[in-house]
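# Structural features, examined
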Amino acid sequence: MSLLAAAGLWGPPGLLLTFALHPALCLRPAPTSGPPHRDYCVLGAGPAGLQMAYFLQRAGRDYAVFERAPRPGSFFTRYPRHRKLISINKRHTGKANAEFNLRHDWNSLLSHDPRLLFRHYSSAYFPDAGDMVRYLDDFADRLGLHVLYNTTIAHVTLNKDRQAWNGHYFILTDQMGHAHRCSVLLVATGLSVPNQVDFPGSEYTEGYESVSVDPKDFEGQNVLILGRGNSAFETAENILGVTNFIHMLSRSRVRLSWATHYVGDLRAINNGLLDTYQLKSLDGLLESDLTDLAIVKDREGKFRVTLKFFLEEGNQSADAITLPQDDNDNFAMRVAYDRVIRCLGWNFDFSIFDKSLRLSSGGEFSKKYPLVKASYESKGSRGLFVLGTASHSVDYRKSAGGFIHGFRYTARAVHRLLEHRHHGVAWPSAEHPVSQLTSSIVRRINEASGLYQMFGVLADVVLLKENATAFEYLEELPVQMLAQLETITGRRARHGLFVINMEYGRNFSGPDKDVFFHDRSVGHTEDAWQSNFLHPVIYYYRHLPTEQEVRFRPADWALPRPTAIHHIVEDFLTDWTAPVGHILPLRRFLENCLDTDLRSFYAESCFLFALTHQKLPPFCQQGYLRTQGLVGTESLRRHREERRFPQGYATVGRRREDGAQGPEGGPLAPGPPLLQPHDSNKEEL
């Protein structure tokens, strides 16, 4: 049977049988002579490589990580050059919820070991890069990850083989000439090649990767920095107080992260040059395409900027070349510079990958990043996945996928895809009665870190069961894979679905946006759709969208046009638990979509609150316990007995202090009529 014919068997009913009957679908080949085989090869022991290794190890898979350095995190032994990370290390949030705290911990990888949280390695809000090296070292060591250190992979190619599940194996050759074969290749090598722009005189520039970091080397000098990202401003910040002046040149205007809401844009920690420029203290920013310029060296050894078309071929002397100030004595860059520093970012290293892998198309953008799909699988080679910073093309300038606090979740999503594709393990889900739908959504939007950090890229999906009596909850699915949900997860979407996404307002982010404008805050529920700041958006679909609908969705929409949509109004505290402002509108939306009544969803939670806490939250006090009785279910009776509460235990006036939802139990027994009239929204809760 062919792979296409076998594809119909993939899914819960026949998956294990399929693997038993069709060994070609399994990863491990039959024993043959040749290089040692592994199911999974991971290139690079940086944060992304170690994160994937953790998931593979927890699942009991056959894998190895190849690392050229003698320890993990070799990038952080050199970069950033001035050693201060710009990923925040927020050690205190006032919350005990570990998942919530990860929203504000941008350095920790995901693991089951609470000792492996980055807050144990540094007390600094912006930690030192050396602390990251120590952390990654401990992460690999304590978890016993299989890393082959001092192993440089010099070449990667394909070997076609009919025994392979996709028709080929990946062959990795190390610096000693030893070959390694694997079925799936996970590339986590990051961006390591300095980006260089070829223009006349570019050989006079010093690179960010090698320029001195000692401010004394720049005392009394005129410095020109090419670039306008965090590395450029980091370099400027280091020498700002010792130079005569710093000019910064780039083809685009400066993009501030607090305006674009993109963490890769200029962060406030490095923007001292903006002050000195706008307050007229000699430093300045200029815009020009570098390819239109040239740098020439004068007889005094200083560097002059001129226009490319002024150059005569073969003549690089400033004394013989026309300078712009010869025609325009007000030319901004008419001064001579002592140093020119190139800070133009990084590119992916394609050099070790054979052209047969088709990682790059040769286009401008694909020179920086490999070509990958929304699933992080290479567009050119099935079975090759790109992780970490190098996978950022999926959400470039949109979300946090190029940074630890984002790609730790995309790595987990890739692992879940692989678990289903190769091992028959369906995407993790939890099934609940529909009475718990609102509480499940409320819990996730208030706690989940993956949704919060990978906004617009990873979303939760609720799959409704027949007649909407129950639902399955899937966490953090790549939203652009929604049309392929059944194929990649092993779950069925036959009776409608909800997608829970986090989004900023459509016209709120951008380098030219005034994000501090008056009345920027939206507080009324009826205006929730106009919310500017990050807030939850719930999409309802009667049917699973098609690939064409996903591909040709409306401009600036994260998802195809839904049957119905609901915005939960933004909240200054990012705490969407207000009974009237957040929960009631959400519940009404869900009821309208499902044509059912969900007011009973809180009854069981209120009952459990009463059993375990001193005071009830307002939505219990103002609604259910005043107007509705609660017939105990068997699960509630068991809960009471396990906790050894007396039969007549009081239920009024007790509250859960942490505001979390109560434990989940069985379906509620019928109570008083649900559609009785209410005097206010609060009583309707």
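Residues numbered from 1 in each chain as written. Predicted model: local features only at pLDDT ≥ 70, side-chain atom pairs only at ≥ 80, totals over all residues. Heavy atoms only, no water.

### Looking at the overall build of the protein
Convention followed: Where helices and strands are cited, they refer to DSSP runs of H or I of at least four residues and of E of at least two residues respectively, numbered from the N terminus. Relative accessible area decides the class of each residue, using a 1.4 Å probe on protein chains only: under 20% of the type maximum gives buried, over 50% gives exposed, and in between gives partly exposed. Residues are treated as being in contact if the distance between any of their heavy atoms lies within 4.5 Å. Reported accessibility uses the Shrake-Rupley method at a 1.4 Å probe radius. Residues are deemed covered only where the shown protein chains occlude them.
Secondary structure assignment for the protein yields 19 helices and 22 strands. Looking at the protein as a whole, 54% of its 685 residues are labelled buried. Expressed as a percentage of contacts within the protein between residues at least 6 apart in sequence, the contacts between residues at least 24 apart total 68%. Of the roughly 31,300 Å² of accessible surface on the protein, 49% is carried by carbon and sulfur atoms.

### Thoughts on the packing of aromatic side chains
Our working rule: Ring pairs shown here join Phe, Tyr and Trp side chains whose ring centres sit within 6.5 Å, with only the six-membered ring taken for Trp; geometry is labelled stacked below 30 degrees between planes, edge-to-face above 60, and tilted in between. Placement of a positive charge over a ring is assigned whenever Lys NZ or Arg CZ falls within 6 Å of the ring centre and within 35 degrees of the normal to the ring plane.
Going through the model one piece at a time under the given rule, you end up with 28 aromatic pairs. Residues Tyr204 and Phe303 carry aromatic rings whose centres are separated by 5.4 Å and whose planes lie at 35 degrees to one another, so their mutual orientation is tilted. Taken together, the positions of Tyr204 in the loop between strand S7 (193-194) and strand S8 (206-207) and Phe303 in strand S13 (residues 303-307) put the pair 99 residues apart, joining distant regions of the chain. Residue Phe303 is classed as buried on the basis of its relative accessible area of 9%. Measuring from ring centre to ring centre gives 6.5 Å for Tyr539 and Tyr541, while their planes differ by 5 degrees; the resulting arrangement is stacked. Taken together, the ring pairs in this structure connect Tyr54, Phe55, Phe118, Tyr121, Tyr135 and Phe139 into an aromatic cluster. A cation over a ring is seen here: Arg181 above Tyr169, with NZ or CZ 4.6 Å from the ring centre. The ring of Trp557 is capped by Arg506, whose NZ or CZ atom sits 4.4 Å from the centre of that ring.

### Looking at the sheet that holds strand S10 (residues 245-250)
To keep it simple, the criterion reads: At least two bridges found by DSSP between two strands are what make those strands a pair. Lines fitted to C-alpha atoms define the axes here, with helix axes fitted over just the stretch in contact, and angles between the N-to-C directions of these axes take values from 0 to 180 degrees.
Strand order in the open sheet made by the 5 strands is S8-S14-S9-S10-S11, with parallel pairing throughout. Edge positions in the sheet fall to S8 and strand S11 (284-287), since each of these pairs with one other strand and no more. Sheet analysis places S8 next to strand S14 (residues 339-342), joined by 2 bridges and oriented parallel. Across the sheet, residue Glu206 finds its bridge partner in S14, namely Ile341. Packed onto the sheet, helix H6 (residues 230-239) meets strand S9 (222-226), S10, S11 and S14 and runs at close to 175 degrees relative to S10.

### Things to note about the pairing of S14
Burial along S14 is two-sided: Arg339 and Ile341 and Val340 and Arg342, pointing in opposite directions, are all buried. Bridge analysis of S9 against S14 gives 4 bridges, and the strand direction is parallel. The residue bridging Leu224 from the neighbouring strand is Val340, located in S14.

### Quick notes on the pattern of salt bridges
The test is simple: Any carboxyl oxygen of Asp or Glu that lies within 4 Å of a side-chain nitrogen of Lys or Arg is treated as forming a salt bridge with it.
Per the stated rule, a full pass over the model turns up 20 salt bridges. For Glu472, the salt bridge is made with Lys465, and the minimal N-O distance between the two is 3.2 Å. Assessed through its relative accessible area of 7%, Glu472 is described here as buried. Since its relative accessible area comes to 26%, Lys465 is described here as partly exposed.

### Remarks on the packing of helix H3 (residues 47-58) against helix H10 (residues 404-423)
Here is the rule: Crossing handedness: left-handed means the near helix sits turned counterclockwise from the far one by under a right angle, and right-handed means the same turn made clockwise. Classification convention: Asp, Glu, Lys, Arg as charged; Ala, Val, Leu, Ile, Met, Phe, Trp, Tyr, Cys, Pro as nonpolar; all other residues, Gly among them, as polar.
Contact geometry for H3 and H10: axes closest at 9 Å, N-to-C directions at 35 degrees. Crossing handedness for the pair H3 and H10: right-handed. Within the contact between the two elements, H3 uses Pro47, Ala48, Gln51, Met52, Phe55 and Leu56 and H10 uses Ile404, Phe407, Arg408, Ala411, Arg412, Val414 and His415. For the contact of H3 with H10, the class distribution of residues is 9 nonpolar, 2 polar and 2 charged.

### Comments concerning the sheet that holds strand S20 (residues 497-503)
Spatially, S17-S19-S18-S20-S21-S22 is the arrangement adopted by the 6 strands of the open sheet, whose pairing is antiparallel. In this open sheet, the two edge strands, each paired with only one partner strand, are strand S17 (429-433) and strand S22 (564-567). Within this sheet the neighbouring strands show an average axis-to-axis angle of 20 degrees, counted without direction. Relative to S20, strand S18 (residues 458-464) runs antiparallel, the two sharing 4 bridges. Across the sheet, the residue bridging to Leu463 is Leu497, located in S20. Running at roughly 120 degrees to strand S19 (residues 470-478), H10 makes contact with S18 and S19 of the sheet.

### Some remarks on the packing of helix H11 (residues 437-447) against helix H15 (residues 579-594)
In plain terms, the rule: For classification, angles of less than 35 degrees are called roughly parallel, those exceeding 145 degrees roughly antiparallel, those between 65 and 115 degrees roughly perpendicular, and all remaining angles oblique.
The contact between H11 and H15 brings their axes to 10 Å, and the two run at 130 degrees. In terms of axis orientation, H11 runs oblique to H15. Crossing hand, H11 versus H15: right-handed. Each of Leu437, Thr438, Ile441 and Val442 in H11 lies in contact with H15, whose residues at this interface are Ile583, Leu586, Arg587, Leu590 and Leu594. Grouping the constituent residues of the contact of H11 with H15 by class yields 7 nonpolar, 1 polar and 1 charged.

### Notes on the environment of Gly388
By the secondary structure assignment, Gly388 is in the loop between strand S16 (384-386) and H10. Take Gly388: its relative accessible area is 2%, and that puts it in the buried class. Note: C-alpha distance between Gly388 and Pro47 (341 residues apart in sequence) is 7.6 Å. If we skip the residues at most four places from it in the chain, Gly388 touches Ala48, Gly401 and Phe407.

### Considering the confidence of the model for the protein
Note the following rule: Confidence of the predictor at the level of single residues is given by pLDDT, which spans 0 to 100.
Put simply, the protein has an average pLDDT of 83, and 79% of its residues get 70 or more. Ranking the helices and strands of the protein by mean pLDDT puts H3 first, with 98, and helix H2 (residues 15-21) last, with 36. Here residues 1-25 scores under 50 on pLDDT; set against residues more than four positions off or in separate chains, the count is 34 contacts.

### What to know about the nonpolar core
Rules: As used in this record, nonpolar core signifies buried Ala, Val, Leu, Ile, Met, Phe, Trp, Tyr and Cys residues forming a set joined through side-chain atoms within 4.5 Å. The domain boundaries here were taken from an automatic or database domain assignment.
In this structure, Leu186 and Leu482 are the most contacted members of the largest nonpolar core, which totals 72 residues. Counting residues per element, this core draws most heavily on H10, at 8 residues. Of the residues that make up this core, three or more belong to each of domain 1 (37-192 + 348-415) and domain 3 (428-594). Counting residues in each nonpolar core, the second largest holds 46 residues, with Phe218, Leu240, Met248 and Val254 among its members.

### Digging into H15
By the criterion of burial, H15 is predominantly enclosed, with 12 of the 16 residues buried. Turning to H15, its buried residues number three or more, namely Pro579, His582, Ile583, Leu584, Pro585, Leu586, Arg587, Phe589, Leu590, Glu591, Cys593 and Leu594. At the exit of H15 stands Asp595, carrying a positive phi of roughly 55 degrees.

### With respect to the side chain of Arg81
What counts is decided by this rule: Asp and Glu are treated as the negative residues and Lys and Arg as the positive ones, with His and the ends of the chain left uncounted. N or O atoms within 3.5 Å of each other form a polar contact, as long as, within protein, one can give a hydrogen and the other can take it, and as long as residues adjacent in sequence are counted only when both atoms are side-chain atoms.
Mapped onto the elements of the fold, Arg81 is located in the loop between strand S2 (63-66) and helix H4 (98-102). Among buried charged residues, Arg81 stands out as having no salt bridge; its nearest opposite-charge side chain is Glu234, 6.9 Å away. In terms of polar contacts, Arg81 uses its side chain to reach the backbone carbonyl oxygen of Tyr208, at 2.7 Å. If we skip the residues at most four places from it in the chain, Arg81 touches Tyr208, Glu209, Ser210, Val211, Val213 and Glu234.

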